[in-house]
Amino acid sequence: MESVGSLNKDSFVSLLSKLIGESKFVQNNPPELIPQEDRIVNHVLDSLRPYSTETGGGPLVINHVAYHSGRGNLIVEYPGSVPGKILSFVGMHMDVVTANPDEWEFDPFSLSIDGDKLRGRGTTDCLGHVALVTELMKRLGETKPALKSSVVAVFIASEENSSIPGVGVDMLVKDKLLDKLKSGPLFWIDTADKQPCIGTGGMIPWKLHFSGKLFHSGLAHKAINAMELGMEGLKEIQSRFYRDFPPHPQEKVYGFATPSTMKPTQWSYPGGGINQIPGECTVSGDVRLTPFYDVKEVMKKLQEYVDDINTNVENLATRGPVSKYVLPDEDLRGRLTLSFDEASAGVACNLDSRGYHVLCNATKEVVGHVKPYSITGTLPLIRDLKDEGFDVQTSGYGLMATYHAKNEYCLLTDMCQGFDVFVRIISQLEQD
């Protein structure tokens, strides 16, 4: 693998400049913004085709797979000599989150360079990785090292928003186009900070609707204050959640920054005068769940809490002498209604796998230290792959501090180290 060398910075920056120039057209926020990932695919193809079997110029086998018009995925293989011996770099996605140029200090949709900083939407998440892995595959195609392992890169569409189904990696898995990747480690390249990310969270989006009775605030004894019901009801639900799902011992092993959490993030009510006690309000939020708890079990428990509070609403804490949740004379009771949006489960990567050890060794050699981490951010696509039987490990070479943020950037030196990590991963797996 010595012949592969290090990252060609000029080539990388030139390609990244083309990709960031397309970032405006690959923003993913349907229905207004539907990305056209083939705009990215075309630049990657321009880089790799000269080294492909398609042109006869080299060994790379390229498969462009689209399920929606203009929204392709790209599978690129550098074939090895031993059948079934394989490793893959997957997850480099070709869509980005939205950016409002009015809120940025520089143009999000063109690459600008400030010393070591490469600035623009997608530099960290994830067009920087698209360019980086393209450069790796290009170098393999150019230098043609004799490898036992096949090296496969899978560039994917539609990672940032799943409201339009059947576009990206889920379909590649369904159509069995990635099945052969199960026989070796799969490195998902879409995290940050140059260290292995070994755990992610599940997410349960929830909505609680509180029904009371609207009345004049000067006659508070004739009302059921939906806001007070909401505050006390939610407090009780949160207390029970933290009792039933406390910090888990495995969270320390995986280095999770936080345990599981349940909290409100949005509050709304229908409106009314300041002298009206509201009869309705809605609180929404999410549960972020470490992967050592079961999502369905948590949802079941939350519903049980709500059912119990509804049955015993007169026992819920009140606020002051006339605050109450039951009006017996009118046969009225305050009520909580719970609903969920689509939930997803977290992932705990396999810390005994060959892929994990290889990634850690390569990171230590290149970066100088290895400190795996876990977060309760969600990567539902990884969970799906793990459930399908893939040995998934994750890493990334952008910056967590600029992920999905205004003024996004990555560092060229970090990307150079990422390239070196990839080369060392391949080298180590050659020794097996």
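What you see is a predicted model, and the numbers here were worked out from it, not measured in a lab. For every chain, the first residue of the written sequence is number 1, and numbering continues from 1 along that sequence. Local features are withheld for residues below a pLDDT of 70 in this predicted model, meaning they are given only at 70 or higher, and side-chain atom pairs are given and counted only at 80 or more; totals for whole chains, interfaces and linings count all residues. Heavy atoms from the whole structure form the basis of all side-chain values; hydrogens and water molecules are not counted.

Counting from the N terminus, the helices are DSSP H or I runs at least four residues long and the strands are E runs at least two residues long. Along its length, the chain carries 10 helices and 20 strands. Along the three orthogonal principal directions, the C-alpha set of the chain runs to about 85 × 45 × 40 Å. With residues, only the protein chains shown are counted as cover, and all accessible areas are computed by Shrake-Rupley using a 1.4 Å probe. When the accessible surface of the chain is summed, it comes to about 18400 Å², and 50% of that surface belongs to carbon and sulfur atoms. Charged residues are defined here as Lys and Arg on the positive side and Asp and Glu on the negative side; His and the ends of the chain fall outside this count. Working definition for charges: the position is that of NZ of Lys, CZ of Arg, CG of Asp or CD of Glu. Across the chain, 42 positive and 55 negative side-chain charges occur, with their mean positions spaced 2 Å apart.

Attention now moves to the layout of surface pockets. Empty space among the atoms becomes visible once a probe the size of a water molecule is rolled across them. In this analysis, the protein atoms alone were mapped onto a 1 Å grid. Cavities are point sets where a 1.4 Å probe fits without being able to get out; pockets are open sets with protein on both sides within 12 Å along at least five of seven lines; lining residues have an atom within 4 Å of a point. Grid points are joined across faces, edges and corners, and a volume is the space filled by probe spheres set on the points. Taken as a whole, the largest pocket holds about 1400 Å³ of empty space. Those elements giving two or more residues to the lining of the largest pocket turn out to be α4 (169–174), β8 (197–200), β9 (202–211), α7 (295–311) and α9 (380–387). When residues of the lining of the largest pocket are assigned to their parent elements, the largest contribution, six residues, is made by α9. Classification convention: Asp, Glu, Lys, Arg as charged; Ala, Val, Leu, Ile, Met, Phe, Trp, Tyr, Cys, Pro as nonpolar; all other residues, Gly among them, as polar. Residues that form the lining of the largest pocket fall into these classes: 22 nonpolar, 13 polar and 14 charged.

Two aromatic rings, drawn from Phe, Tyr or Trp (for Trp, its six-membered ring), form a pair once their centres lie within 6.5 Å of each other, and the interplanar angle then sorts them: stacked below 30 degrees, edge-to-face above 60, tilted otherwise. Summed over all chains, the structure comprises nine aromatic pairs. Seen in terms of ring centroids, W104 and F106 are 5.5 Å apart; in terms of plane orientation they differ by 90 degrees. Their pairing is edge-to-face. Note on F106: relative accessible area 12%, which makes it buried. Between the aromatic rings of F241 and Y242, the centroid separation amounts to 5.2 Å while the plane-to-plane angle is 85 degrees, which identifies the pairing as edge-to-face. Under the scheme applied here, a residue whose accessible area is under 20% of the maximum for its type counts as buried, over 50% as exposed, and between as partly exposed, the area being computed with a 1.4 Å probe on protein chains only. For F241, a relative accessible area of 0% puts it in the buried group. A residue is classified by how much of its surface remains accessible, and Y242, at 37% relative accessible area, is partly exposed. Three or more aromatic residues joined by ring pairs make a cluster, and in this case those are F89, F187, Y397 and F422. Criterion for a charge above a ring: Arg CZ or Lys NZ at most 6 Å from the ring centre, at most 35 degrees from the ring normal. The positively charged end of R39 is found above the aromatic ring belonging to F25, 3.8 Å away from the centroid. Above the face of the Y409 ring, K117 is positioned so that its terminal group lies 4.6 Å from the ring centre.

Bringing the sheet that holds strand β16 (residues 335–340) into the picture now. Ordered by their spatial adjacency, four strands build an open sheet running β11-β13-β9-β16, and the pairing between neighbours is antiparallel. For this open sheet the edge positions go to β11 (261–268) and β16, each flanked by a neighbour on one side alone. Across this sheet, the average inter-strand angle for adjacent strands is 25 degrees, counted without regard to direction. Along the sheet face, helix α5 (residues 226–244) touches β9, β11, β13 (280–289) and β16 and points at about 165 degrees away from the line of β11. Across the sheet, α7 lies against β9, β11, β13 and β16, angled at about 165 degrees from β16, the strand it touches most. Being paired, for any two strands, means DSSP has found at least two bridges between them. Note on geometry: axes are C-alpha line fits, over the in-contact stretch for helices, and angles between N-to-C directions span 0 to 180 degrees. Working rule for contacts: check all heavy atoms of both residues, and any pair within 4.5 Å makes them a contact.

Looking now at the nonpolar core. In these notes, a set of buried Ala, Val, Leu, Ile, Met, Phe, Trp, Tyr and Cys residues joined through side-chain atoms within 4.5 Å is what counts as a nonpolar core. One finds F12, F89, M137, F155 and I425 to be the most contacted residues of the largest nonpolar core, which totals 59 residues. The leading source of residues in this core is helix α10 (residues 412–430), at 10 residues. With residues near it in sequence (within four places) discarded, F12 still touches L7, L118, G128, A131, L132, E135, L412 and M415. Core analysis: the second largest hydrophobic core is formed by 30 residues, F241, V283, V287 and Y293 among them.

Strand order in the open sheet formed by three strands is β4-β5-β20, with antiparallel pairing between adjacent strands. Both edges of this open sheet fall to β4 (112–114) and β20 (409–411), since each of them pairs with a single strand only. For this sheet the average axis-to-axis angle between neighbouring strands, irrespective of direction, equals 25 degrees. Here α10 sits on the sheet and contacts β5 (117–119) and β20; the angle it forms with β20, its principal contact strand, is near 60 degrees.

Turning our attention to the pairing of strand β2 (residues 71–78). Where burial is concerned, most of β2 is hidden: eight out of the eight residues are buried. Side chains R71, N73, I75 and E77 of β2 all project onto a buried face; the interleaved residues G72, L74, V76 and Y78 project onto the opposite face, where all are buried too. From the end of strand β1 (residues 61–68) to the start of β2, which pair antiparallel, there are two residues, and G70 there has a positive phi angle of about 75 degrees. When β2 meets strand β6 (residues 150–156), the two strands line up antiparallel, connected through five bridges. Bridge pairing in β6 places Y78 opposite V151.

Glancing now at the UniProt feature "domain: Peptidase M20 dimerisation" (unreviewed entry) in the chain. Sequence positions flagged by UniProt for "domain: Peptidase M20 dimerisation" (unreviewed entry) are, in local numbering, residues 198–310. The span residues 198–310 carries 36% helix and 31% strand; its end-to-end C-alpha distance comes to 40 Å. UniProt positions are given in the numbering used here, feature names are shortened, and annotations may be inferred rather than shown by experiment.

As a packed pair, helix α3 (residues 127–143) and α10 sit with axes 10 Å apart at the nearest point and diverge in direction by 45 degrees. Put simply, α3 runs oblique to α10. Read as a crossing pair, α3 and α10 show a hand that is right-handed. Contacts between α3 and α10 involve G128, H129, L132, V133, E135, L136 and R139 from the first element and M415, G418, F419, F422, V423 and I426 from the second. In this scheme, roughly parallel covers angles under 35 degrees and roughly antiparallel covers those over 145, while 65 to 115 is roughly perpendicular and the rest are oblique. For any pair of crossing helices, the crossing counts as left-handed if the nearer helix is rotated counterclockwise from the farther one by less than a right angle, and right-handed if it is rotated clockwise.

In terms of burial, helix α2 (residues 38–48) is largely enclosed, as eight of its 11 residues are buried. Of the positions making up α2, those classed as buried are D38, I40, V41, H43, V44, L45, S47 and L48. Looking at the buried residues of α2, the elements they touch are α1 (9–20), β1, β2, α3 and β6.

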